[in-house]
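# Tertiary structure, described
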Amino acid sequence: MPPPDAGQSRTVLVTGATGYIGGRLVPRLLEAGHAVKVLVRSPQKLADVPWRHQVEIVQDGLDRAESLEAALAGVDVLYYLVHSMASGGGFETKEEAMAGLVADAAAGAGVGRIIYLGGLHPDNAPLSTHMRSREAVGRIFLESSVDSIVFQAGVVIGSGSASFEMIRHLADTLPVMPAPSWVNNRIEAIAVRDVLHYLVAAAVLPDRINRSFDIGSRDVLTYRDMMNEYAAERGLPRRLVVALPVPAPKLAGLWVALVTPIPLSMAFPLVQSLQHDAVSREHDVDGYIQQPDGGLAPYRKAVALALGKERDGQVETTWATAGIDADPLPSDPDWAGYKVFVDERTFHSPAPAGAVWTIIEGIGGRNGWYSLPLAWRIRGWLDKLQGGAGLKRGRRHPKTLGTGEVVDWWRVEAIDRGRLLRLRAEMRAPGRAWLELSVEPDGAGSLYKQRAIFFPRGLGGRLYWLGVYPFHGVIFPSMARNISAAAASLPETQVKKTGSDVVGDTP
């Protein structure tokens, strides 16, 4: 889409800018010539995005009217891209209350339009908790005094999307799949690039539009066919999907959580959203927004685009990008006022610091953890069985990391490129854990430092540390040696510079 002229340029506020869609929408809005503000609770999550210095960052949440009105001052268009995957008592009430607060604040600030991305759903059918919540939020905006556009999309297919990862891992892992009856439901997927096309175009539509639009690829398949179309695109044999005569959403959610990177807390709502057909009921959007150049991507093309992005290391955002905020590691754990266990190792490596850093920044995912792979896999499976992240989340890019990104069951809390990587654990454990990997020049070689930090929670946390400590005595020393060995054998052309000359691929 060409940039708008001066009369079409808008000031927009994006909520959910650290999420899967929001993180991709912001640079496209900038490319389209808009002035962009983002509202985030944790600005540090944007520390490594390439567009950080092109936007105005407002640090706050969506639950305070005063801060919302200040953030919305001078804003023409508000993008509401927030939907929690949390559950439990009061979930829907909280979501609706927050949407109502945002709508009132937008009206008070004179915002001209709210744009919301909801989900395709049938009329007059019992919806899942999360789908019902999304429908309610869209209705709140449409009934507010601010003109609103609510896009309703089905399964979003793109590199790193939760829906795509679910299909990919199921089809890659299981040549024969016993599945609930909903695998025969009709689904209209949409490529993430087409979702973004509609979102960007909606900012400059003529005024006085207040309605919902169903958006999709117009390519309607059963979920069974979607897995087999994926397998065909990957060059895999056709998958035998055996539909059982029961919906079994809870059992299916548990199965998805075990086989795919999706944690149990997300697997349930994703599976529940598949209990009904998800097909566009109207194509009225064509009368307002032209289709992208070349037309909407059919499902098979969307899969090919997603696989190509992953193969080329060009994944912009992933479903795991938007994680739960947590307290950062105190600067000095020994004086934090808590019981703390620390396992610290140092290793003098003949490899230069740049080579060691290259290995450090590439750790995890397909590159592994350089020590006893079976032990790491077992711990990952145990975490999965407890509803945790496990090792299947991988990483967005095979060589570079950014603040807030995931690395298997870890999340990047801090990165001082060329020197230090701090990972915060998101596995299920009776306490809080971090892993720090750092390197500094040491004569002709380098000094590699490795520090595991654990704040136990109660007696269970102390017993947990005592139980894993003997394994640390095997895993961590070999990890240091193997990282050094991998660095020493690294071709010079692949070594990243360190110090003031630090360079690397753009995350």
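Every chain is numbered on its own, with residues counted from 1 as its sequence reads. With the structure being a predicted model, the display of local features is reserved for residues of pLDDT at least 70 and the display and counting of side-chain atom pairs for 80 or more, all residues being used for whole-chain, interface and lining totals. Just so you know, side-chain values use all the structure's heavy atoms and leave hydrogens and water out.

## Points about the overall build of the protein chain
The secondary structure listing takes helices from DSSP runs of H or I that are at least 4 residues long and strands from runs of E that are at least 2 residues long, numbered from the N terminus. Each helix and strand counted, the protein chain has 13 helices and 19 strands in total. Computation of the radius of gyration draws on C-alpha atoms alone. For the globule rule, the value is 2.2 Å times the number of residues to the power 0.38. Taking 2.2 N^0.38 as the reference for a compact globule, 507 residues should give roughly 23 Å; the C-alpha atoms of the protein chain span a radius of gyration of 24 Å, in line with that estimate. Along the longest, intermediate and shortest principal axes, the C-alpha atoms of the protein chain span 65 × 55 × 50 Å. Each residue gets one of three labels from its accessible area relative to the maximum for its type: buried under 20%, exposed over 50%, partly exposed in between, using a 1.4 Å probe on protein chains only. Residue burial in the protein chain is summarised as follows: out of 507 residues, 54% are buried. What makes two residues a contact is simply this: any of their non-hydrogen atoms within 4.5 Å. Taking the contacts inside the protein chain whose residues are at least 6 apart along the sequence as the reference set, 75% of them involve residues at least 24 apart. With 54 positive and 54 negative side-chain charges, the protein chain shows a separation of 6 Å between the mean positions of the two kinds. For the charge count, each Lys or Arg is scored as positive and each Asp or Glu as negative, with His and the chain ends excluded. Charge placement uses NZ in Lys and CZ in Arg. For Asp and Glu, CG and CD serve respectively.

## Some details on the sheet that holds strand β14 (residues 341-349)
A pair of strands is labelled paired if DSSP reports no fewer than 2 bridges between them. Spatial strand order, β14-β19-β18-β17-β16-β15: six strands in an open sheet with antiparallel pairing. Each of the sheet's edge strands pairs with one partner strand only, and the pair in question is β14 and β15 (406-407). Packing of helix α13 (residues 458-488) onto the sheet brings it into contact with β14, β18 (431-442) and β19 (445-456), and relative to β14 it is tilted by some 5°. Whenever a helix is involved, its axis is fitted only over the stretch in contact; in every case the axis is a line through C-alpha atoms, and angles between N-to-C directions fall within 0 to 180 degrees.

## Structural notes on the packing of helix α5 (residues 162-173) against helix α10 (residues 299-311)
Contact pair α5 / α10: the axes reach a minimum separation of 12 Å and the direction vectors enclose 90°. Considered as vectors, α5 and α10 are oriented roughly perpendicular to each other. On α10, the residues touching F164, E165, I167 and R168 of α5 are Y299, V303, A306, L307 and E310. The nonpolar class holds Ala, Val, Leu, Ile, Met, Phe, Trp, Tyr, Cys and Pro. Asp, Glu, Lys and Arg form the charged class, and all remaining residues, Gly among them, are polar. Of the residues assigned to the contact of α5 with α10, the class counts are six nonpolar, no polar and three charged. Note on angle classes: values under 35 degrees are labelled roughly parallel, values over 145 roughly antiparallel, values of 65 to 115 roughly perpendicular, and the remainder oblique.

## As for the layout of surface pockets
Think of a 1 Å grid over just the protein atoms. A cavity is a set of points where a 1.4 Å probe fits yet cannot get out, a pocket is an open set with protein on both sides within 12 Å along at least five of seven lines, and lining residues have an atom within 4 Å of a point. Grid points are joined across faces, edges and corners, and a volume is the space filled by probe spheres set on the points. When its volume is computed, the second largest pocket comes out at roughly 1100 Å³. Taken together, 40 residues make up the lining of the second largest pocket; nearest its centre are G365, R366, K392, G394 and R395. Looking at the lining of the second largest pocket, the elements with two or more residues in it are α5, α10 and α12 (373-385). The biggest single contributor to the lining of the second largest pocket is α12, with six residues. Counted by class, the lining of the second largest pocket contains 14 nonpolar, 13 polar and 13 charged residues.

## Brief notes about α13
Here α13 spans 42 Å end to end across 31 residues, near enough to the 45 Å set by a 1.5 Å rise per residue. Two axes enter the definition of the bend at a residue: one is fitted to the seven residues ending there, the other to the seven starting there, and the bend is the angle between them. F471 marks the point of greatest bend in α13, at about 45°. Residue count minus one, scaled by 1.5 Å, sets the expected span of a helix.

## What to know about empty space enclosed by the protein
By the definition in use, this model includes one cavity of 30 Å³ or more. Estimates place the volume of the largest cavity at around 70 Å³. Around the largest cavity, the lining residues are L120, H121, P122, L127, S128, M131, Q272, S273, H276, D277 and A278. Its residues assigned to classes, the lining of the largest cavity shows five nonpolar, five polar and one charged.

## Some points on the pattern of salt bridges
Salt bridges are defined by distance alone: a side-chain nitrogen of Lys or Arg within 4 Å of a carboxyl oxygen of Asp or Glu. What the rule picks out here adds up to 28 salt bridges. When the shortest N-O distance is used, the salt bridge between R281 and D214 registers 3.4 Å. Residue R281 is located in the loop between α9 (264-272) and α10, and its partner D214 is located in strand β11 (residues 211-215); the two are separated by 67 residues in the primary sequence. The exposure class of R281 is partly exposed, given its relative accessible area of 42%.

## So, the packing of α5 against α9
Their axes nearest at 11 Å, the elements α5 and α9 cross at an angle of 90°. As judged from the angle between their axes, α5 and α9 are roughly perpendicular. Contacts between α5 and α9 involve A162, S163 and M166 on the former and, on the latter, M266, L270 and V271. Taken together, the residues that form the contact of α5 with α9 break down as five nonpolar, one polar and no charged.

## Some words on helix α6 (residues 192-202)
Within α6, ten of the eleven residues are buried, which leaves it mostly tucked inside the rest of the structure. Looking only at α6, the buried set comprises V192, D194, V195, L196, H197, Y198, L199, V200, A201 and A202.

So, to be careful, I would describe these as geometric facts and stop short of saying anything about function.
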